[in-house]
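# Structure at a glance
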Amino acid sequence: MADTWLGAPVRFGTCPGHPSDEPLLRAVFSENKKLLKDLEDSLLRELATSQGNMLDNKELVSTLEETKAKASEVSDAQTLIQNHRRDLRSVESRPQTRN
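Residues numbered from 1 in each chain as written. Predicted model: local features only at pLDDT ≥ 70, side-chain atom pairs only at ≥ 80, totals over all residues. Heavy atoms only, no water.

### What to know about the overall build of the protein
When helices and strands are tallied, the protein shows two helices and zero strands. Taking all 99 residues of the protein together, 24% fall into the buried category. Restricting the contact set of the protein to residue pairs at least 6 apart, pairs at least 24 apart contribute 60%. Within the structure as shown, the protein displays about 7400 Å² of accessible surface, and the carbon and sulfur contribution to it stands at 54%. (Helix = DSSP H or I, 4+ residues; strand = E, 2+ residues; numbered from the N terminus. Buried < 20%, exposed > 50% of the residue type's maximum accessible area, 1.4 Å probe, protein only. Contact = heavy atoms within 4.5 Å. Areas by Shrake-Rupley, 256 points an atom, 1.4 Å probe, with all protein chains shown as cover.)

Dropping the structure here:
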């Protein structure tokens, strides 16, 4: 995961905040939000159909563990993307210097 934002390769060798990164960042951010929504829906569906003691429902516990792990990954990726977008805006707002 160190070199991806949940599926989107990070282009090494470009300077942070490169203007061409913005469309990729926007797309990945949106995809990650959809992934979180899908995980939430899956967990809610499992909870709604669960019968008996929830702790004995291995499928529910597995879904909960998977959801927790993926949500943590997505949250970390979203933070990374937000920081990169902030850096991009910072670079774009700097006055250009001439040599």
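### Some remarks on the side chain of Q78
The residue Q78 is located in helix α2 (residues 58-93) in this model. Look at Q78 and you get buried, because its relative accessible area is 8%. Discounting chain neighbours no more than four positions away, the residues touching Q78 are V28, F29, N32 and K33.

### A look at the environment of S50
Relative to the helices and strands, S50 resides in the loop between α1 (21-49) and α2. Residue S50 is classed as buried on the basis of its relative accessible area of 17%. Residues S50 and L60, ten residues apart in the sequence, show an inter-C-alpha distance of 7.4 Å. The residues contacting S50, other than those within four sequence positions of it, are N57 and L60.

### Let's talk about the confidence of the model for the protein
On average, residues of the protein score 78 in pLDDT, and 73% of them reach the 70 mark or higher. Residue range residues 11-15 is modelled with pLDDT below 50. Its contacts to residues more than four positions away, or to other chains, number six contacts. (pLDDT = per-residue confidence, 0-100.)

### A short note on the pattern of salt bridges
Using the criterion set out here, one finds three salt bridges in the structure. For K37, the salt bridge is made with D41, and the minimal N-O distance between the two is 2.9 Å. Linking K37 with D41, this pair stays in helix α1, spanning four residues, or about one helical turn. Residue classification places D41 among the partly exposed positions, given a relative accessible area of 28%. With its nearest N and O atoms 3.9 Å apart, the salt bridge here joins D87 to R86. (Salt bridge = Lys/Arg side-chain N within 4 Å of Asp/Glu carboxyl O.)

### Re a nonpolar patch on the surface
Taken together, L44, L47 and M54 make up a surface patch of nonpolar side chains, about 260 Å² in accessible area. Position of M54 among the secondary structure elements: in the loop between α1 and α2. (Patch = residues over 30% accessible without salt bridge, like charges linked within 9 Å, V, L, I, M, F, W, Y side chains within 5 Å.)

### A look at the environment of K68
Locating K68 in the fold gives a position in helix α2. For K68, a relative accessible area of 65% translates into the label exposed. On a C-alpha basis, the gap between K68 and L39 in space is 9.0 Å, while along the polypeptide they are 29 residues apart.

### Here's the deal with the side chain of T67
Note on placement: T67 falls in helix α2. In this structure T67 touches L39 and L43, once residues within four positions along its chain are discounted.

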